[in-house]
Amino acid sequence: MPASAQARFAPPSHDAPNAGAGEPIALASNESPFGPLPSVAQAIARAATRVNRYPDMGSAELAGRLALRYGVAAEQIALGAGSAALCLQLVRAACPRGDGEIAFSWRSFEAYPLFAAIAGAGQRRAPLGADHAPDLGALLAALSPATRLVFVCTPNNPTGVAVRAADLDAFVEAVPPGVLIVLDEAYREFVDDDTAADAVATARRWWSRGRDNVAVLRTFSKAYGLAGLRIGYLIAPPAVADAVRRGAPPYDVSALAQAAALASLDADRELAERCGVITHERRRVREALIEAGFDVPASQANFLWLPLAGRATRFAEHCLRRGVLVKAFAEDDGVRVTMGSARENDAFLAAAADFPRG
Ligand SMILES: Cc1ncc(COP(=O)(O)O)c(C=O)c1O
């Protein structure tokens, strides 16, 4: 992405999340570094004048727009207060008496174990592959007769590696029809590798063969930069979407979030350009890290994974002393760094470069 395009997508609010004097550069939560697009900010401002009214409970206009976009029926879409809320609603719907289990690869999205605990469900974890992608063979082997739902996170948070389309197809074919497969694609918009799975395409293929146990989660939090507004969506067979809607608190998706999401769907070109800036930075930062001697898996998301077993916390503390907040994981097995602006990423690279080795 040329510098001119970067400048164009660096409005004054660009650095807002890190604007507080003395605050570190925030590269720890996979947020977008960009402030809202002007058209989206205007839609939020317009909607703000009507917040004395409750929002549309079913987010009908937005569900209709998403249904058109994906070529599915509106009843197959469920909106939620972030895809995290939808994850929990899915787990609760799949394990209503708290007697079932959910399965997922590990390490993956940190909230999966939390959702199991909140729903009173058991959990089964399968290791990632040597390439840091979910190992779908291991995940299949981890399913038990009690498993009701399996999450496949692609690209995987926090490693960034995506599942390949052919592998996902073989997995869906092998999973028993009574187990709901949830393809969590929170980072889909950053995928630029044609061999990576497209969960919606996969789900549609299996639905057309009569399999109604495949669902897809996407979000407006990441590429669309609406993390603070809390809005995500599920694309699923009607019965699954219906169960998820029935498990939602009333009016959980705010009017501001609905308005912002609708305006975002009208700004495809600008959003694709912003994703282009991030994927350009992803390549640039990864190459620089590899050049500096780090091992960095090929990410398809808006972050990079540094497998720094035993040194992750030390690395994160080192970066923080240099004013950059990155995410070290609890078992000290690695560090995830979110792609920020070029300036922010340069600050991170400077910190990484003088991390003591050995
Ligand atoms: C893989 C994955 N799924 C879901 C979510 C939830 O995102 P949100 O609730 O903001 O839509 C996240 C957030 O980090 C994530 O990484």
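Under an unreviewed UniProt entry, the name given to the chain is Histidinol-phosphate aminotransferase, and the source organism is Actinocrinis puniceicyclus. Database annotation for the chain, UniProt heading Catalytic activity (unreviewed entry): "L-histidinol phosphate + 2-oxoglutarate = 3-(imidazol-4-yl)-2-oxopropyl phosphate + L-glutamate".

Peer 1: Help me understand the packing of aromatic side chains, please; the structure alone is not making it clear to me.
Peer 2: Aromatic ring pairs are reported here in terms of the distance separating the ring centres and the angle at which the planes meet. Counted by the stated rule, this structure contains 14 aromatic pairs. Arranged with centres 4.5 Å apart and planes meeting at 25°, the rings of tyrosine 54 and tyrosine 251 form a pair that is stacked. A residue pair is termed long-range when its members are at least 10 positions apart, and tyrosine 54 in the loop between α2 (38-48) and α3 (60-70) and tyrosine 251 in the loop between α9 (238-246) and α10 (255-265) qualify at 197 residues. For tyrosine 54, a relative accessible area of 67% gives the class exposed. A relative accessible area of 37% places tyrosine 251 in the partly exposed class. With centroids separated by 4.2 Å and ring planes inclined at 5°, the aromatic side chains of tyrosine 112 and phenylalanine 151 adopt a geometry described as stacked. Here the residue tyrosine 112 occupies a position in helix α5 (residues 111-119), and phenylalanine 151 occupies one in strand β5 (residues 147-153), the gap between them amounting to 39 residues. On the accessibility criterion, tyrosine 112 (0% relative accessible area) is buried. When its relative accessible area of 1% is taken as the criterion, phenylalanine 151 is described as buried. Residue placement shows arginine 209 over the ring face of tryptophan 206; its charged tip is 4.4 Å from the ring centre.

Peer 1: What am I meant to see in the packing of helix α4 (residues 83-94) against α5 here?
Peer 2: In a packed pair of helices, the relevant descriptors are the angle between the two axes and the axis-to-axis distance. At a minimum axis separation of 9 Å, α4 and α5 run at an interaxial angle of 45°. It follows from the interaxial angle that α4 and α5 lie oblique. Between α4 and α5 the crossing geometry is right-handed. Taken together, the residues of α5 that come into contact with α4 (itself represented by Ala84, Cys87, Leu88, Val91 and Arg92) are Tyr112, Phe115, Ile118 and Ala119.

Peer 1: What exactly am I supposed to notice about the packing of helix α11 (residues 268-291) against helix α13 (residues 342-353) here?
Peer 2: Between α11 and α13, the shortest axis-to-axis distance is 11 Å and the interhelical angle comes to 15°. On the basis of their axis angle, the class for α11 and α13 is roughly parallel. The handedness of the crossing between α11 and α13 is right-handed. When α11 is examined against α13, the residues Glu281, Arg284, Val285, Ala288 and Leu289 are found in contact with a partner set consisting of Ala342, Asn345, Asp346, Phe348, Leu349 and Ala352. Residues of the contact of α11 with α13, tallied by class, amount to seven nonpolar, one polar and three charged.

Peer 1: Sorry, what's going on with the state of the cysteines here?
Peer 2: A covalent bond between the sulfur atoms of two cysteines is referred to as a disulfide. Across all of its chains, the model carries zero disulfides by this definition. With no disulfide partner, cysteine 95 has as its closest neighbouring cysteine sulfur the one in cysteine 87, 13 Å distant. Taking relative accessible area as the criterion, cysteine 95 reaches 1% and is therefore assigned buried. For the unlinked cysteine cysteine 153, the closest cysteine sulfur is that of cysteine 87, found at 8.6 Å.

Thresholds applied
Residue numbers run consecutively from 1 along every chain, following the written order of its sequence. For this predicted model, a pLDDT threshold of at least 70 governs which residues receive local features, and a threshold of 80 or more governs which side-chain atom pairs are given and counted, while totals over whole chains, interfaces and linings are taken from all residues. Excluded from the side-chain calculation are hydrogens and water; included are all heavy atoms of the structure. UniProt positions are given in the numbering used here, feature names are shortened, and annotations may be inferred rather than shown by experiment. Ring geometry is summarised as follows: Phe, Tyr and Trp rings, the Trp one being its six-membered ring, pair when their centres sit within 6.5 Å, and such pairs are stacked at plane angles under 30 degrees, edge-to-face over 60 and tilted between the two. Runs of E in the DSSP output that reach at least two residues are strands. Runs of H or I that reach at least four are helices, and both are numbered from the N terminus. Relative accessible area decides the class of each residue, using a 1.4 Å probe on protein chains only: under 20% of the type maximum gives buried, over 50% gives exposed, and in between gives partly exposed. Note on criteria: charge over ring means Lys NZ or Arg CZ within 6 Å of the ring centre, with the direction from the centre no more than 35 degrees off the ring normal. Axis definition: a line fit to C-alpha positions, over the contact stretch in the case of helices; interaxial angles, taken between N-to-C directions, run 0 to 180 degrees. Relative orientations are named as follows: roughly parallel for angles under 35 degrees, roughly antiparallel for angles over 145 degrees, roughly perpendicular for angles from 65 to 115 degrees, and oblique for any other angle. Crossing chirality is assigned from the near helix's rotation relative to the far helix, an anticlockwise turn below a right angle marking it left-handed and a clockwise turn marking it right-handed. Here a residue-residue contact requires only that any non-hydrogen atoms of the pair lie within 4.5 Å. Here the nonpolar group is Ala, Val, Leu, Ile, Met, Phe, Trp, Tyr, Cys and Pro; Asp, Glu, Lys and Arg are the charged ones; every other residue, Gly included, is treated as polar. Two cysteine sulfurs form a disulfide in these notes if their separation is within 2.5 Å.

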